[in-house]
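Listed below are the residues making up each chain.
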Amino acid sequence: MNPIVEFCMSNIANYSQETFEKLEKDPNLDVLEYGCLSYCTKCSESLYAIVNGEIVEADTNDELTERIYQYIEDNPLF
């Protein structure tokens, strides 16, 4: 089972498209896009993704990508 990384379509459109595209190419991740993840305040203010059910935030796309991979490494599924 691969780690699941979820993105809000609005956050992709406004901030995190670069991270989404990078992670989508990783065959060891299941990257999903939803119309809304119900974190509207967070979505309008920063880059974020939901990784295995937990919010991961950052100020830049590079930082978000790094934090997502770090979260996955620090919190293995098994």
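The structure presented is a predicted model; accordingly, all values stated were derived computationally and were not measured.

So, how was this worked out
Residues numbered from 1 in each chain as written. Predicted model: local features only at pLDDT ≥ 70, side-chain atom pairs only at ≥ 80, totals over all residues. Heavy atoms only, no water. Helix = DSSP H or I, 4+ residues; strand = E, 2+ residues; numbered from the N terminus. Expected span 1.5 Å × (residues − 1). Buried < 20%, exposed > 50% of the residue type's maximum accessible area, 1.4 Å probe, protein only. Arc of directions from axis to C-beta. Contact = heavy atoms within 4.5 Å. Pairing = 2+ DSSP bridges.

Draft legend 1. Region of the structure containing helix α3 (residues 61-74). Compared with the 20 Å implied by 1.5 Å per residue over 14 residues, the 20 Å span of α3 between its first and last C-alpha is a close match. Among the residues making up α3, those that are buried are Asn61, Leu64, Thr65, Ile68 and Ile72. Taken end-on, α3 shows its buried residues confined to a sector of 100 degrees, consistent with a single buried face. Residues of α3 that are exposed and point more than 90 degrees away from the buried face comprise Glu66 and Glu73. Turning to α3, the residues buried within the fold contact β1 (4-8), α1 (9-24), β3 (47-51) and β4 (54-58).

Draft legend 2. Spatial organisation of the pairing of β4. Bridging between β3 and β4 involves five bridges; their strand directions are antiparallel. In the sheet register, Leu47 faces β4, and the bridge partner there is Ala58. In sequence, β3 turns back onto β4 through a hairpin of two residues, with Asn52 there showing a positive phi of about 50 degrees.

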